[in-house]
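Analysis of the macromolecular model
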Amino acid sequence: MERRVLDIATGRCYLSKKRGSLSVASSSDAPGVSERLVPFDEIESIIVHTPQASYSNSVVVELARRGIPLVCCDAYHTPAAWLWPVQANYEQSRRMSAQANLPDDLRASLWAILIRTKLEAQAAVLHNQNHDPSPLHELAHRVSADNCTLLEAQGARWYWTRLFGDEFRRRRDGPGPNGLLNYGYAVLRATVARCVCATGLHPSLGLQHHNRFNAFCLADDLMEPFRPAVDRTVLGLWSRECQNVDAEAKSDLVAVLARGVNTDRGIAPLSRCIEWAAQSLTKAVLERRPHISLPDSRSIVG
């Protein structure tokens, strides 16, 4: 059974634990309270946008115990706070120790794998939109452990202007499709963070991302090759003049995780590919070898 992203967008609501399920009790200016129960086993993550949400301690503890991310977003649909379980894997101590002592050259090689796949996936998005993907293919071919971040930045300048025009700038608080991208990335990031925590790695210890205010640097690293899947969906919404993060947009962006992807194990949902990628990254950390199991870049974007 594939889990689903639970989005809580508007109004006053109270989240609690009830009969082994998540209870979401909503109220409005009209009299009465409506309640829905969602089994915890069906939840991939919970993303909260409304500033009028409140939580019981029992539900917070249960979400942490099950490794279900609770993501609180700001007005730009950008994650502002996360619930992260302190106990997630029985081998956590050994794995975190190996992660903390990861050699710099291996760290750089793993980051290069992620960026190379990201550039190829971005090229696939451009190809699907009848834009010239060759500059991104060339950059991906040149990626090495020493230059991948510079090449990623060069690719971004080519990529975003072809998708959304010369005036577009990718900024979290920017206009245009930035809000849609923020929401799609928040959904993706929550899934990646859950998979990282489940494998026993520490989400704060990134390969490339380093920020003392960011508790999920490793999740931000590992989600890089999967971002173009969100980009293509946002492009489709934008072309249909869906410019706001409304119910239609949320449904399409959440569905990205369930999209079928061709892998060497057969067709699998994108969420399962992320799980395999996190598991292979853990194996790479423990065995000290530069390998991450990622699907074909063209398959990532559909």
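As a reminder, the structure under discussion sits directly above these lines.
Residues numbered from 1 in each chain as written. Predicted model: local features only at pLDDT ≥ 70, side-chain atom pairs only at ≥ 80, totals over all residues. Heavy atoms only, no water.

Thoughts on the overall build of the protein chain
A tally of helices and strands in the protein chain yields 11 helices and 10 strands. Over its C-alpha trace the protein chain gives a radius of gyration of 19 Å, about what one expects of a compact globule, namely 19 Å for 302 residues. Counting only C-alpha atoms and orienting by the principal axes, one finds that the protein chain spans roughly 60 × 50 × 40 Å. Considering the protein chain as a whole, with its 302 residues, one finds that 52% of them fall into the buried category. Of all intrachain contacts in the protein chain linking residues separated by at least 6 positions in sequence, the fraction that spans at least 24 positions is 63%. For the protein chain, the distance from the average site of its 35 positive side-chain charges to the average site of its 32 negative ones is 4 Å. (Helix = DSSP H or I, 4+ residues; strand = E, 2+ residues; numbered from the N terminus. Rg over C-alpha atoms; globule rule 2.2 N^0.38 Å. Buried < 20%, exposed > 50% of the residue type's maximum accessible area, 1.4 Å probe, protein only. Contact = heavy atoms within 4.5 Å. Lys, Arg positive; Asp, Glu negative; His and termini not counted. Charge placed at Lys NZ, Arg CZ, Asp CG, Glu CD.)

Side note on helix 6 (residues 178-198)
A rise of 1.5 Å per residue sets the reference length of helix 6, with its 21 residues, at 30 Å; its end C-alpha atoms lie 30 Å apart and thus fit the reference within 8%. In terms of burial, helix 6 is a largely internal element, 20 of the 21 residues being buried. One or two steps after helix 6, the chain reaches G200, where phi turns positive at roughly 95°. (Expected span 1.5 Å × (residues − 1).)

A look at the nonpolar core
If you look at the biggest cluster of nonpolar residues, it comprises 74 residues, and the most contacted ones within it are L110, L222 and L281. Those residues in contact with L110, other than ones at most four positions away along the chain, are L102, L207, L281, A284, R289, P290, H291 and I292. Listed in part, the 18 residues of the second largest apolar core include V38, A53, A64 and L70. (Core = buried A, V, L, I, M, F, W, Y, C linked by side-chain atoms within 4.5 Å.)

What to know about the packing of helix 6 against helix 10 (residues 270-287)
It is the contact of helix 6 with helix 10, at a shortest axis distance of 9 Å, that shows an interaxial angle of 40°. It follows that helix 6 is oblique to helix 10 by the angle criterion. Pair helix 6 / helix 10 crosses with right-handed handedness. Contacts between helix 6 and helix 10 involve L188, T191, V192, C195 and V196 on the former and, on the latter, S271, I274, E275 and A278. Split by residue class, the contact of helix 6 with helix 10 holds six nonpolar, two polar and one charged. (Axes fitted to C-alpha atoms, helices over the stretch in contact; angles between N-to-C directions. Parallel < 35°, antiparallel > 145°, perpendicular 65-115°, else oblique. Left-handed = near helix turned anticlockwise from the far one by under 90°. Nonpolar A, V, L, I, M, F, W, Y, C, P; charged D, E, K, R; others polar.)

What to know about the environment of A278
Inspection of the secondary structure assignment puts A278 in helix 10. When neighbours within four sequence positions are excluded, A278 is seen to be in contact with C195, V196, T199 and L222.

Brief notes about the side chain of R95
Considering the arrangement of structural elements, one finds R95 in helix 2 (residues 92-100). Here the side chain of R95 touches T199 through a polar contact of 2.6 Å, landing on its backbone oxygen. (Polar contact = N/O pair within 3.5 Å; in protein donor to acceptor, adjacent residues only side chain to side chain.)

Quick notes on the environment of L63
Locating L63 in the fold gives a position in helix 1 (residues 57-66). A C-alpha to C-alpha distance of 8.2 Å links L63 and L83, two positions 20 residues apart in sequence. With residues near it in sequence (within four places) discarded, L63 still touches F40, I46, I68, L70 and L83.

What to know about the sheet that holds strand 7 (residues 70-73)
By way of backbone hydrogen bonds, the strands of a sheet pair with one another, either parallel or antiparallel. Read from one edge of the open sheet, four strands run 1-5-7-8, paired in mixed fashion. Of all the strands in the sheet, just strand 1 (4-8) and strand 8 (79-83) have a single pairing partner and so form its edges. When the angles between neighbouring strand axes are averaged without regard to direction, this sheet yields 20°. Relative to strand 8, strand 7 runs antiparallel, the two sharing four bridges. Residue pairing across strands places C72 opposite A81, the latter belonging to strand 8. Packed onto the sheet, helix 6 meets strand 1, strand 5 (43-48), strand 7 and strand 8 and runs at close to 135° relative to strand 5. (Pairing = 2+ DSSP bridges.)

Considering the pattern of salt bridges
Within this structure, the stated rule accounts for 17 salt bridges. Residues R66 and D41 are paired through a salt bridge, measuring 2.7 Å at the closest nitrogen-oxygen approach. Of the two residues, R66 is situated in helix 1 and D41 in the loop between strand 4 (33-39) and strand 5; the sequence distance between them amounts to 25 residues. Here the residues in one salt-bridge network are K17, D41, E62, R65 and R66, joined through shared partners. (Salt bridge = Lys/Arg side-chain N within 4 Å of Asp/Glu carboxyl O.)

A closer look at the packing of aromatic side chains
Counted by the stated rule, this structure contains four aromatic pairs. Residues W160 and F168 carry aromatic rings whose centres are separated by 5.6 Å and whose planes lie at 50° to one another, so their mutual orientation is tilted. The burial state of W160 is the same as that of F168; both residues are buried. Ring geometry for F164 versus F168: centroids 5.1 Å apart, planes at 50°, classification tilted. For F168, a relative accessible area of 9% corresponds to the buried category. Grouped by ring-pair contacts, the aromatic residues Y159, W160, F164 and F168 constitute a single cluster. In this structure, R162 is placed above the aromatic ring of W158, and the distance from its NZ or CZ to the ring centre is 3.3 Å. The residue whose ring lies beneath R265 is W276, and the NZ or CZ to ring-centre distance is 4.1 Å. (Phe/Tyr/Trp six-rings, centres within 6.5 Å; stacked < 30°, edge-to-face > 60°. Lys NZ or Arg CZ within 6 Å of the ring centre and 35° of its normal.)

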